[in-house]
Amino acid sequence: MTLILKKYSGLLFFMFVYCILCFIMIISDHSFLYIMLTWNIFLATLPLFFIEISICKNKKNKHIGTIIFGVLWFIFFPNSVYMITDFIHITSDKLVGYDAAARYSFNNGVVYSNDIIHWVKLLVIGIGVVYGLLIGMESLNIFYRFINQKRSKLISYLIIVGVSLFSGLGVYIGRFLRFNSWDLLRPMSVLRDLVININRFAIEFIVAFAGFILIIFLFYVLFRKVISGSSE
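Because the structure is predicted, anything quoted here is derived from the model rather than measured. (Residues numbered from 1 in each chain as written. Predicted model: local features only at pLDDT ≥ 70, side-chain atom pairs only at ≥ 80, totals over all residues. Heavy atoms only, no water.)

Novice: Explain unusual backbone geometry to me, please; I cannot follow it from the model alone.
Specialist: In this structure, Asn61 is a non-glycine residue whose phi angle is positive, near 60°. Tracing the backbone through its elements, the reader meets Asn61 in the loop between α3 (33-59) and α4 (63-76). Its relative accessible area of 56% is what places Asn61 among the exposed residues. With phi around 65°, Arg178 is a residue other than glycine that occupies positive phi space. (Helix = DSSP H or I, 4+ residues; strand = E, 2+ residues; numbered from the N terminus. Buried < 20%, exposed > 50% of the residue type's maximum accessible area, 1.4 Å probe, protein only.)

Shown next, in the form of structure tokens:
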């Protein structure tokens, strides 16, 4: 565990800096949103540590530990991609408006907000989203490389598709049904609400989000190959 913490000390430092930034925004904007963003950053980071611990346990032939932390990774992974839905919190801010009296001006009456807090809020959310996606894709890549050593590429790809679909479901449950990862400890409540609320939109959202994860993961893997100059 010490080696893992040392390996990702930079990420932990980033979390600390991000928490300070959110604290400053709480003072400036007086919004509970930034406490939530701090919490979301923490939850997004957990999957990376879970998969690293799982791999470490596997190397030591501790199979029970491998399974436990592997399952924890699987359960908490959706938190890393969930953060992109935090962009909905800028919808209440009028970053762009329309002035009918100026519709014949060079910008057709479009008026942009001059409130810097609104723009900084967008940037703070954006930083969290980028962080969550990057750390999530790294944990997914570690998982992929692990299973690819034990299974064929086709099976590995299918497993990644399955993880993406589960993550899409997890994001739907978290955003629309307002459950958290630990609510799986009471699965009947989650299942009951899911059955009640499942509809065409839910299925479309889950599939669309799974597709988004797969595209981002593909881009991430390709980008890593370009940077490293070698195939993985």
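Novice: What is the right way to read a nonpolar patch on the surface from this model?
Specialist: A cluster of nonpolar residues, Phe13, Phe16, Val17, Ile20, Phe23, Ile24 and Ile27, forms a patch on the protein surface that exposes about 710 Å² of accessible area. Note that Val17 resides in helix α2 (residues 9-29). (Patch = residues over 30% accessible without salt bridge, like charges linked within 9 Å, V, L, I, M, F, W, Y side chains within 5 Å. Areas by Shrake-Rupley, 256 points an atom, 1.4 Å probe, with all protein chains shown as cover. Salt bridge = Lys/Arg side-chain N within 4 Å of Asp/Glu carboxyl O.)

Novice: How should I be thinking about helix α9 (residues 200-228) in this particular structure?
Specialist: Working note: α-helix, 3.6 residues per turn, so residues spaced by three or four point in the same direction. Between its first and last C-alpha atoms α9 spans 42 Å; for 29 residues at 1.5 Å apiece the expected length is 42 Å, and the two agree. Looking at α9, one finds that the buried residues are Ala202, Phe205, Ile206, Phe209, Ala210, Ile213, Phe217, Tyr220 and Val221. If you follow the buried residues of α9, they end up packed against α5 (78-82), α6 (116-148), α7 (153-176) and α8 (187-197). (Expected span 1.5 Å × (residues − 1). Contact = heavy atoms within 4.5 Å.)

Novice: Help me understand the side chain of Ser167 in this model?
Specialist: By the secondary structure assignment, Ser167 is in helix α7. In terms of polar contacts, Ser167 uses its side chain to reach the backbone carbonyl oxygen of Val163, at 2.8 Å. Residues within four places of Ser167 in sequence aside, it is in contact with Phe77, Pro78, Val81 and Ile213. (Polar contact = N/O pair within 3.5 Å; in protein donor to acceptor, adjacent residues only side chain to side chain.)

Novice: For this particular structure, what's the right way to read α4?
Specialist: End to end, α4 covers 20 Å across 14 residues, agreeing with the expected 20 Å (1.5 Å per residue, within 8%). Along α4, the positions that sit buried rather than exposed are Gly65, Thr66, Gly70, Trp73 and Phe76. Along the axis of α4, the buried residues cluster in a sector spanning 135°; they form a single face. What points out from α4, more than 90 degrees from its buried face, is the exposed set His63, Ile64 and Ile67. For α4, the elements touching its buried residues are α3, α5, α6 and α7. (Arc of directions from axis to C-beta.)

Novice: Just to check I follow, could you spell out the packing of α3 against α4 for this structure?
Specialist: Helix-helix packing is characterised by the crossing angle of the two axes and by the distance between the axes. Between α3 and α4, the least distance of the axes is 8 Å, while the angle of their chain directions is 160°. Looking at the two axes, α3 sits roughly antiparallel to α4. The handedness of the crossing between α3 and α4 comes out as left-handed. Where α3 abuts α4, its residues Leu43, Leu46, Pro47, Phe50, Ile51, Ile53, Ser54, Lys57 and Asn58 lie against Gly65, Thr66, Phe69, Gly70, Leu72, Trp73 and Phe76. When its residues are assigned to classes, the contact of α3 with α4 shows 10 nonpolar, five polar and one charged. (Axes fitted to C-alpha atoms, helices over the stretch in contact; angles between N-to-C directions. Parallel < 35°, antiparallel > 145°, perpendicular 65-115°, else oblique. Left-handed = near helix turned anticlockwise from the far one by under 90°. Nonpolar A, V, L, I, M, F, W, Y, C, P; charged D, E, K, R; others polar.)

Novice: Help me understand the environment of His118, please; the structure alone is not making it clear to me.
Specialist: By the secondary structure assignment, His118 is in helix α6. Separated by 25 residues in the primary sequence, His118 and Asp93 have C-alpha atoms spaced 6.4 Å apart. Sequence-distant contacts of His118, that is, excluding residues within four places in its chain, are made with Asp93, Lys94, Leu95 and Ser113.

Novice: What am I meant to see in the packing of aromatic side chains here?
Specialist: Two measures describe an aromatic ring pair: the distance that separates the ring centres and the angle between the ring planes. All chains considered together, the criterion is met by 19 aromatic pairs. Relative to Phe205, the ring of Phe176 has its centre 5.2 Å away and its plane inclined at 85°; by these criteria the two rings are edge-to-face. Separated by 29 residues along the polypeptide, Phe176 in helix α7 and Phe205 in helix α9 bring together distant segments of the chain. For the ring pair Phe205 and Phe209, a centre distance of 5.5 Å and an interplane angle of 35° mean the geometry is tilted. Taken together, the residues span about one helical turn, with Phe205 and Phe209 both in helix α9 at a distance of four residues. With respect to class, Phe205 is no different from Phe209; both count as buried. (Phe/Tyr/Trp six-rings, centres within 6.5 Å; stacked < 30°, edge-to-face > 60°.)

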